[in-house]
Amino acid sequence: MAAEEEDQLQQLRSKATELFIREEWNASIEAYSHFITLCTKKLSHSHPNQKLSRSLCIALCNRAEARSKLKDFHSALQDCDHALELDATHLKTLLCKGKILLCLNRYASALECFRTATLDGNAESVSGYLERCKSLELLSKTGCFDLSDWVSNGFRGKVPELAEHIGAVEIRRSEISGRGLFATKNIDAGSLILVTKAISMERSIIMGGVQDLSEDAQLAMWKNFIDKVFEFVGKCPRTRGLINRLSYGENEDQLEVPDVCLFRPESVEKDGEVEVGVDMDKLLGILDVNSLTEDAVSANVLRRGNDCYGVGLWLLPSFINHSCCPNARRLHVGDYLVVHASKDLKAGEEVTFAYFDPLCGLNKRKEMSVNWGIHCKCKRCRFEGEVFSKQEIREIEIGLERGMDGGGVVYKLEEQLKRLKVRGKEKGYLRASFWEAYSQTYRTERAMKRWGRRIPTAEVVVDSITDVVGGDHRLLKLLMEELKKNTGGVVEKDKVFKMAREVFGKIVKKQAMKTLLQLCIGD
């Protein structure tokens, strides 16, 4: 009987190993599970058997690796822990667990695994992982990212490995809507606010712009994205617990305000580990409210070419509300989202994105806000609600809609700003709303010959608009064009560099920023 059991175990182990080598992960998991069950039962009914314990340890380690290939990291870590209970110094298991923890951005825990693996003289085989962990842990703590080499190389090669980073922010009740993300200290324009990896992403190849993606292709893409998220949260209790904290478009004021620390990868929330089912209806609501696309007006995508379009879910950025006077932008680098301040933030100020174009008029913004299901009550919308009710401003808006000469629109608006004694930021609000006319005028030689001396310079208008909407790639492009026309000096070049940091953040050195501008903005 014992010989038959031994033979059965041997056959199961050989079958599981063969499937594992062939990378048939699901089948190998099933075979290893059968072997582990029988092996565990045999060990519980017999005297200690070192050979059998070693076989069980290896089987658990291999099943963990197979599960990690399928991104079932939660179950994989459980297998690793079980294997290490049998042999706390098992090198392969320590490496497997360390790599899984790295995938989960749990750098300190991964570092502990790799350090333990070096105790038996395995330093050479582990040194690469140790250095990688130390580097990522430092990046996570400091947020001092530098993509200069990758950018200077034209985005060629592998996308740089980033680390999760949460800066000086907290989640609080928001006057804008529900809950929001707030700065806990002053943050300079261009400084990083947070860096985080997507729970899941789906991308589709496009030949032209996003508008060329057919409705069927968009629906298929959205379905694939939902399936990916559903599968991932089904495997990871912690992620499921965090996603359940996001808004789903209802009862905003009744949702609890979570501690931002829960979103740090090393945080293991007790109630996040409770096995709860995935409510598909709620998940669909969460994805509808919180998913972000790469083509958004507040986003820049760093990659070669512009032939694909992506949608994803990032947890902490889901708490960032809309404003028509945004103070933050985001960069997409691979599956990572890098959020930075697009203008100076004061401690206690809410971090905001522009969900839709801030460089358009009040009526257009109202139309877009309906599509987003929001009612913007920012200072700009309230001010423009009063000003656009005036007949003179309304006539200028109608003139622009009917194709009136852009220079004439700009001239009339500037005259009304003087007559109405509009000052400071309020002047920037209206200039931002009529950006189309300003942009058209400054870019047309004929218009500038006629109106150039009667309207403010492009630099003055760009400064005024930037003061209220923060850095914007279109404002930056116009500034670069003016610099080229006027062969500007050091001051003008510094101004371009300053706005470039507001648009892209402080992620590259000055020389690399020139390359970045060529790649993303153009000559």
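Above: the structure in question.
All of the points below concern the structure found in this document. (Residues numbered from 1 in each chain as written. Predicted model: local features only at pLDDT ≥ 70, side-chain atom pairs only at ≥ 80, totals over all residues. Heavy atoms only, no water.)

### A short note on the nonpolar core
Nonpolar side chains tend toward joint burial in soluble globular proteins. Of all hydrophobic cores here, the largest spans 140 residues; its most connected members are Ile193 and Leu476. Apart from residues lying up to four places away in sequence, Ile193 is in contact with His165, Ile166, Gly167, Val169, Ile187, Ala328, Val339, His340, Ala341, Leu345 and Val351. (Core = buried A, V, L, I, M, F, W, Y, C linked by side-chain atoms within 4.5 Å. Buried < 20%, exposed > 50% of the residue type's maximum accessible area, 1.4 Å probe, protein only. Contact = heavy atoms within 4.5 Å.)

### As for the packing of aromatic side chains
In total, this model carries 11 aromatic pairs according to the counting rule given. Residues Trp150 and Phe155 carry aromatic rings whose centres are separated by 4.9 Å and whose planes lie at 45 degrees to one another, so their mutual orientation is tilted. By relative accessible area, Phe155 is classed as buried at 7%. An angle of 50 degrees between the planes, with centres 6.0 Å apart, marks the rings of Phe383 and Tyr429 as tilted. Here the residue Phe383 occupies a position in helix α13 (residues 379-387), and Tyr429 occupies one in helix α16 (residues 424-433), the gap between them amounting to 46 residues. A relative accessible area of 7% places Tyr429 in the buried class. Grouping aromatic residues by their ring pairs yields a cluster made of Phe20, Trp25 and Tyr32. If you follow Arg454 out to its NZ or CZ, it ends over the ring of Tyr411, 5.1 Å from the centre. (Phe/Tyr/Trp six-rings, centres within 6.5 Å; stacked < 30°, edge-to-face > 60°. Helix = DSSP H or I, 4+ residues; strand = E, 2+ residues; numbered from the N terminus. Lys NZ or Arg CZ within 6 Å of the ring centre and 35° of its normal.)

### Some words on the pattern of salt bridges
Taken as a whole and judged by the stated rule, the model has 33 salt bridges. Of the charged contacts, one joins Arg431 and Glu414 as a salt bridge, the two residues approaching to 2.9 Å between their closest N and O atoms. Of the two residues, Arg431 sits in helix α16 while Glu414 sits in helix α15 (residues 406-419), which places them 17 residues apart along the sequence. Arg431 gets classed as buried once you look at its relative accessible area, which sits at 5%. A salt bridge links Lys485 to Glu482; the shortest N-O distance between them is 2.9 Å. With Lys485 and Glu482 both in helix α20 (residues 473-486) and 3 residues apart, this pair spans about one turn of that helix. Classification of Lys485 as exposed rests on a relative accessible area of 52%. On the basis of relative accessible area, Glu482 is assigned to the buried category, the value being 17%. (Salt bridge = Lys/Arg side-chain N within 4 Å of Asp/Glu carboxyl O.)

### Remarks on helix α6 (residues 107-117)
All buried positions along α6 are accounted for by Tyr107, Ala110, Leu111, Cys113, Phe114 and Ala117. Along the long axis of α6, the arc covered by the buried residues comes to 160 degrees, so they all point the same way. Buried residues in α6 make contact with α5 (91-103) and α7 (123-142). (Arc of directions from axis to C-beta.)

### Remarks on the sheet that holds strand β8 (residues 308-313)
The sheet built from 3 strands is open, its strands ordered β5-β8-β6 with antiparallel pairing. In this open sheet, the two edge strands, each paired with only one partner strand, are β5 (200-205) and β6 (292-293). Direction of pairing for β6 relative to β8: antiparallel, over a ladder of 2 bridges. Residue pairing for β8: Leu292 is matched across the bridge by Gly312. Contacts between helix α9 (residues 215-235) and the sheet are confined to β5 and β8, with β5 contributing the most and set at about 155 degrees to the helix. (Pairing = 2+ DSSP bridges. Axes fitted to C-alpha atoms, helices over the stretch in contact; angles between N-to-C directions.)

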